[in-house]
Amino acid sequence: MNSLKDLFHPRGIAVVGASKDPTKIGHIILKNIVEYGYKGGIYPVNPTVSEVMGLKSYPAVSTISDKVDVVVVSVPNVKVLDVIDDAGKAGVKHAVVIASGFKEVGNIELENELVRRARRYGMRVLGPNIFGYVYTPERLNATFGPRDVIPGNVAFITQSGALGIALMGSTILEGIGISAIVSVGNKSDIDDADLLEFFDEDPNTSVVLIYMEGVSDGKRFVNVASKISMRKPVVVIKSGRTEAGARAAASHTGSLAGNVLLYETAFKQGGVLSAKSVEEAFDFVKTLSWNPLPHGERVVVITNGGGAGVQASDTLADDGIHLEKPPQDFVEEVKKIVPPFASLANPVDLTGMAPEDWYYRSVKLAVQNPEIDAVLILYCHTALTSPVGVAKAVSKAIEEAGVSKPVSVAIIGGMEAYEAIRYLTSIRIPAYPTPERAAHALAAQLKYRRYREYLMKKEHLINKSS
Ligand code: COA
């Protein structure tokens with residue numbers, strides 16, 4: 001059994017420092033746990049009050065007679081060790097330590113003692129210096145971040161607190177469905193590799209996104225990452241790439257950001273997709289979590305604008321994806337739709353006069369064609385068509401094609417284009433405001449496919465020789 005199972009599927013959860021004061025972090029965490037709908041036992045712990053939010057308050061974790069698997073610790077750093085002793089003696093398995101004031105400010109001995117004490121009781125520590133964690137399959141939101149996270153299949157591990165909380169909000173805005181959000185902070189005990197092992201086995205997670213400042217055991221991370229990457233893609237935003245960034249990371253979570261080249265090589269070995277920015281990472285997550293895995297690399301680009309097609313072709317080429325001539329039977333069918341001056345090489349240019357119906361018919365043909373592995377659809381807003389109309393035509397074509405295939409859509413234009421993107425993302429079709437972003441996100445899926453094949457072959461060879 002995975003050692004983190006009880007963290008994500010606890011029978012009961014205690015919040016130490018659950019205050020009646022709505023501005024205090026302990027209060028907000030308790031409120032989120034209650035209001036997001038967690039169904040296990042919820043136990044506020046605060047010796048100065050008898051109830052919080054209508055729930056009985058306990059003077060100490062050890063006074064709770066029901067089973068408690070997780071204790072969220074929201075009291076100042078100097079009080080944390082006593083709470084660990086009390087909860088440890090009571091048999092609690094996981095301590096989620098919110099408090100700051102440990103390694104990140106030079107209190108290394110306090111942090112080491114925290115882990116030593118927890119180990120004495122067989123307890124694992126998440127944090128310290130974190131905003132908590134979310135696990136949507138259990139309707140558990142034990143954070144002081146936004147409450148209404150959208151349930152889905154993406155697990156998000158973040159070393160940054162405030163940025164992590166903000167990104168939690170961004171996932172809602174971007175329509176990205178979440179299985180888990182885990183704030184790891186100083187990673188005194190539970191780290192990225194432990195969490196990857198859990199998410200590898202977790203049927204509710206199919207993509208993992210990590211915001212990382214540094215790892216202490218790089219070898220183990222690569223080892224675990226290369227195992228999960230055979231089944232599920234892992235995207236990492238590695239911050240502290242520059243000297244200035246590395247300095248900032250050291251004072252933020254006490255991390256050694258390390259040599260950028262070293263990390264890039266390690267990520268490749270582990271089959272990890274590296275993203276330079278939050279925007280790029282979210283773009284990748286959309287194609288990776290909403291599309292099926294591509295069977296090959298034969299991409300067809302459908303566009304109504306030559307320029308958009310050129311930009312997408314360049315981006316794909318930069319990512320190592322080279323466009324080939326589309327299959328002849330597909331070309332013959334599209335010829336029946338478009339005017340004779342349309343260019344039917346790859347990109348397939350439907351011309352600037354293309355109405356919604358041409359998109360519908362050509363996209364459906366492309367998705368249905370067995371010689372095409374992925375379809376990149378580009379639309380430049382013209383006065384002849386409405387972006388939402390084209391988006392609806394594209395979604396109808398994908399739905400009616402009867403085949404599931406990776407797609408990526410760029411809707412380029414103003415406010416109406418933005419609405420069309422919102423419409424497509426609401427039905428889990430990856431859509432972006434530029435041809436470059438749509439192409440790059442699709443290329444990430446193809447890159448992941450290559451990594452996965454490489455790792456699987458490597459494993460096969462190792463198994464054969466042993
Ligand atoms: N057991 C249970 N409750 C206790 C306690 C104990 N041993 N000791 C104190 N409490 C109670 C307090 O009385 C208080 O309740 P009250 O409001 O009813 O009096 C409550 O726990 C909280 O304690 P308080 O001293 O008021 O702390 P706080 O809420 O102001 O701050 C932290 C606690 C952990 C939030 C703060 O110390 C901290 O570290 N903040 C930074 C957190 C952060 O940024 N983390 C990283 C995120 S990205």
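Just so it is clear, the structure is predicted and the values come from calculations on it, not from any experiment.

What counts and how
Residues numbered from 1 in each chain as written. Predicted model: local features only at pLDDT ≥ 70, side-chain atom pairs only at ≥ 80, totals over all residues. Heavy atoms only, no water. Core = buried A, V, L, I, M, F, W, Y, C linked by side-chain atoms within 4.5 Å. Buried < 20%, exposed > 50% of the residue type's maximum accessible area, 1.4 Å probe, protein only. Helix = DSSP H or I, 4+ residues; strand = E, 2+ residues; numbered from the N terminus. Domains from an automatic or database assignment. Contact = heavy atoms within 4.5 Å. Patch = residues over 30% accessible without salt bridge, like charges linked within 9 Å, V, L, I, M, F, W, Y side chains within 5 Å. Areas by Shrake-Rupley, 256 points an atom, 1.4 Å probe, with all protein chains shown as cover. Salt bridge = Lys/Arg side-chain N within 4 Å of Asp/Glu carboxyl O. Lys, Arg positive; Asp, Glu negative; His and termini not counted. Charge placed at Lys NZ, Arg CZ, Asp CG, Glu CD. Near = heavy atom within 4 Å. Polar contact = N/O pair within 3.5 Å; in protein donor to acceptor, adjacent residues only side chain to side chain. Buried area = accessible area lost by both parts, 1.4 Å probe. Nonpolar A, V, L, I, M, F, W, Y, C, P; charged D, E, K, R; others polar. Pairing = 2+ DSSP bridges. Axes fitted to C-alpha atoms, helices over the stretch in contact; angles between N-to-C directions. Expected span 1.5 Å × (residues − 1). Arc of directions from axis to C-beta.

With 46 residues, the main nonpolar core has F8, Y133, F199 and F221 as its most contacted residues. The element that contributes the greatest number of residues to this core is helix 6 (residues 192-201), accounting for five residues. Split by domain, this core shows at least three residues from each of two domains, domain 1 (1-129) and domain 2 (149-290). Apart from residues lying up to four places away in sequence, F199 is in contact with F8, A155, I157, A180, V182, T205, V208, I228 and K232. One finds A354, V367, V394 and I411 within the second-largest nonpolar core, a separate group that totals 38 residues.

Together, R241, K268, K276 and K447 make up a region of like positive charge exposed at the surface. Looking at where R241 falls in the secondary structure, it is placed in the loop between strand 13 (234-238) and helix 8 (243-253). Residue class for R241 comes out partly exposed when judged on its relative accessible area of 38%.

By nearness alone, 22 residues border the ligand, and S19, K24, N46, I98 and S100 come closest of all. The side chain of K79 places a nitrogen or oxygen atom 3.4 Å from a nitrogen atom of the ligand. The backbone of I130 places a nitrogen or oxygen atom 3.5 Å from a nitrogen atom of the ligand. Notes on the ligand: free accessible area 970 Å², of which the protein chains cover 72%.

This part takes up the domain arrangement of the protein chain. Annotation of the protein chain at the domain level lists domain 1 (1-129), domain 2 (149-290) and domain 3 (293-449). Between the C-alpha centres of domain 2 and domain 3 there is a distance of 30 Å. Counting residues at the interface gives 19 residues for domain 2, matched by 16 residues for domain 3. Three residues, D283, T287 and W290, lead the burial of domain 2 against domain 3; their summed loss comes to 40% of the area buried on that side. On the surface where domain 2 and domain 3 come into contact, there are two salt bridges. With a shortest N-O distance of 3.4 Å, R437 and E279 are connected by a salt bridge. Along the contact surface separating domain 2 from domain 3 lie nine residue pairs in polar contact (both at pLDDT 80 or more). Of all the secondary-structure elements, those providing two or more residues to the side of domain 2 that touches domain 3 are strand 10 (151-158), helix 5 (162-174) and helix 10 (278-290). It is helix 10 that provides the largest number of residues to the side of domain 2 that touches domain 3, a total of eight residues. Its residues assigned to classes, the side of domain 2 that touches domain 3 shows eight nonpolar, four polar and seven charged.

This part is about the sheet that holds strand 15 (residues 299-303). With respect to topology, five strands assemble into an open sheet ordered 16-15-17-18-19, the strand pairing being parallel. Each end of this open sheet is capped by a strand with a single partner; those strands are strand 16 (348-349) and strand 19 (431-432). Of the strand pairs in this sheet, strand 15 and strand 16 are connected by two bridges, and their pairing is parallel. Pairing of I302 across the sheet is with V348, part of strand 16. Running over the sheet, helix 11 (residues 306-318) touches strand 15, strand 16, strand 17 (374-380) and strand 18 (407-412) and is turned about 140° from strand 17.

Next up on the list: the pairing of strand 9 (residues 140-143). Of the two faces of strand 9, both are covered, the one formed by L140 and A142 as well as the one formed by N141 and T143. With four bridges connecting them, strand 8 (residues 132-135) and strand 9 associate as antiparallel partners. Paired with G132 across the bridge in strand 9 is T143. A loop of four residues connects strand 8 with strand 9, the two strands running antiparallel in sequence, and R139 in this loop sits at a positive phi of about 50°.

A word on the pattern of salt bridges. Tallied over the full model, the rule gives 31 salt bridges. For the salt bridge of D69 with R11, the shortest nitrogen-to-oxygen distance reads 3.0 Å. Of the two residues, D69 sits in the loop between strand 4 (55-56) and strand 5 (70-73) while R11 sits in the loop between helix 1 (5-8) and strand 1 (12-16), which places them 58 residues apart along the sequence. Accessibility expressed as a relative area gives 0% for D69, which makes it buried. With a relative accessible area of 47%, R11 lands in the partly exposed category. The salt bridge partner of R220 is E197, with a shortest N-O separation of 3.3 Å. Highlighted residues: R220 in helix 7 (residues 218-228) and E197 in helix 6, separated in sequence by 23 residues.

Now for helix 5. Taking 1.5 Å of rise per residue, the 13 residues of helix 5 would be expected to cover 18 Å, and the 18 Å separating its terminal C-alpha atoms lies within 8% of that figure. Burial in helix 5 covers these residues: G164, L167, M168 and T171. Projection of helix 5 onto a plane perpendicular to its axis shows the buried side chains occupying an angular sector of 115°, all on one side. Opposite its buried face, helix 5 presents the exposed residues A162 and L173, each directed more than 90 degrees away. Where helix 5 is buried, its residues touch strand 8, strand 9, strand 10, strand 11 (178-183) and helix 10. In the segment just after helix 5, G175 is the residue with positive phi, at about 70°.

With that out of the way, let us pick up the side chain of S229. Mapped onto the secondary structure, S229 falls in the loop between helix 7 and strand 13. What makes S229 buried here is its relative accessible area of 1%. Here the side chain of S229 touches A225 through a polar contact of 2.7 Å, landing on its backbone oxygen. Once residues within four sequence positions are removed from consideration, S229 is found in contact with V234, G270, G271, V272, Y448, R452 and L455.

Among the surface-exposed residues, F341, M353 and L384 lie close enough to one another that they form a single nonpolar patch of about 360 Å² accessible area. With respect to the secondary-structure elements, M353 resides in the loop between strand 16 and helix 13 (356-368).

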